[in-house]
Amino acid sequence: MRRKLLLGNWKMNKTSAEAKEFALASRDLVNLAHQNNIDIGVAPTYLSLATVKENADPKMIVAAQNVHFMDHGAYTGEISVPMLQEFGIDWVLIGHSERRAYDNETNQKCHDKMAVLLANNMVPVYCVGETLAQFEAGQTKEVVSSQIREGLADFTPEQVKRLVVAYEPVWSIGTGKNASTEIAQDVCGYIRSILRELFGEVAEEIRILYGGSVKPENIKAYLSCPDIDGGLVGGASLKIDSYSGLLTNIL
Ligand code: 13P
């Protein structure tokens, strides 16, 4: 039985002071989530990772939004796995569509980053999804298939047990245009079938999230789909009331 997972992606939002306020306000919620066997977390900016870690309930998952695949070196503007580990951060979003679009994050780069994370017993949240043009051209499954196959090439079933996959159709991110639950389930089921082909029965343990204009009002419908185990939520995770609504609507 896969545990439900609710993750907020704060993107480039919140100062450290704002992140601290949210972290303190989230303490009861995190306990409520755990009493109901739900994992809950947020992905703040790098500068707020330590703040959230220090001020939230220790059970709160705190994820970085990216990481470099090298441990150290001449990579201006980057941060590495040992730097995250120093602060007890062991979850990282990989391949978010905004990074794919603006920072040339390829499937190969995602693969290299996830290889380092998995070798360090960390948890990658691997984001996949098609653009509007690809959706309209009927290429969704083709795109998602190569993102999964290239991103996870050569990993072992033992390694990918810890992996989380997030299906986020780019056309639904921040647009208020949700993928219907039928589309979301169809693609998430397809992703699980590829995982099954690549890794065997471990595929049943891998959590698959839906992301894209998820809100308190629609999250329950997504989580009632058989292959959707949780949500990766942007805008609606920023305010504590709305974040709380996301959780209470899936209890
Ligand atoms: P929105 O929930 O704001 O559409 O963002 C989704 C997302 O990109 C989460 O990673």
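Refer to the structure printed above.
Residues numbered from 1 in each chain as written. Predicted model: local features only at pLDDT ≥ 70, side-chain atom pairs only at ≥ 80, totals over all residues. Heavy atoms only, no water.

This part covers the pattern of salt bridges. Should their charged atoms come close, side chains of opposite charge can pair. The final tally for this structure, using the stated rule, is 14 salt bridges. Among the ionic pairs, aspartate 229 bridges to arginine 2, the shortest N-O distance being 2.8 Å. Here the residue aspartate 229 occupies a position in the loop between helix H11 (219-223) and strand S8 (230-233), and arginine 2 occupies one in the segment before strand S1 (4-9), the gap between them amounting to 227 residues. Owing to a relative accessible area of 6%, aspartate 229 belongs among the buried residues under this scheme. Look at arginine 2 and you get partly exposed, because its relative accessible area is 22%. The shortest N-O distance in the salt bridge between glutamate 98 and lysine 11 comes to 2.8 Å. Separated by 87 residues along the polypeptide, glutamate 98 in helix H5 (residues 97-102) and lysine 11 in the loop between S1 and helix H1 (16-25) bring together distant segments of the chain. Lysine 11 gets classed as partly exposed once you look at its relative accessible area, which sits at 22%. Put simply, Arg2, Arg192, Asp227 and Asp229 are held in one network by salt bridges that share partners. (Salt bridge = Lys/Arg side-chain N within 4 Å of Asp/Glu carboxyl O. Helix = DSSP H or I, 4+ residues; strand = E, 2+ residues; numbered from the N terminus. Buried < 20%, exposed > 50% of the residue type's maximum accessible area, 1.4 Å probe, protein only.)

As a further point, take the nonpolar core. The biggest cluster of nonpolar side chains holds 66 residues, and the ones touching the most others in it are Leu84, Ile148, Leu152, Val165, Ile191 and Leu195. Ranked by the residues each element gives to this core, the list is headed by helix H10 (residues 181-199), at seven residues. Excluding residues that lie within four positions of it along the chain, valine 165 makes contacts with Tyr126, Val128, Ile148, Ile191, Leu195, Ile206, Arg207, Ile208 and Leu209. Leu5, Ile61, Ala63 and Leu93 belong to the second-largest nonpolar core, a separate cluster that totals 14 residues. (Core = buried A, V, L, I, M, F, W, Y, C linked by side-chain atoms within 4.5 Å. Contact = heavy atoms within 4.5 Å.)

Nothing here speaks to function; it is geometry throughout.
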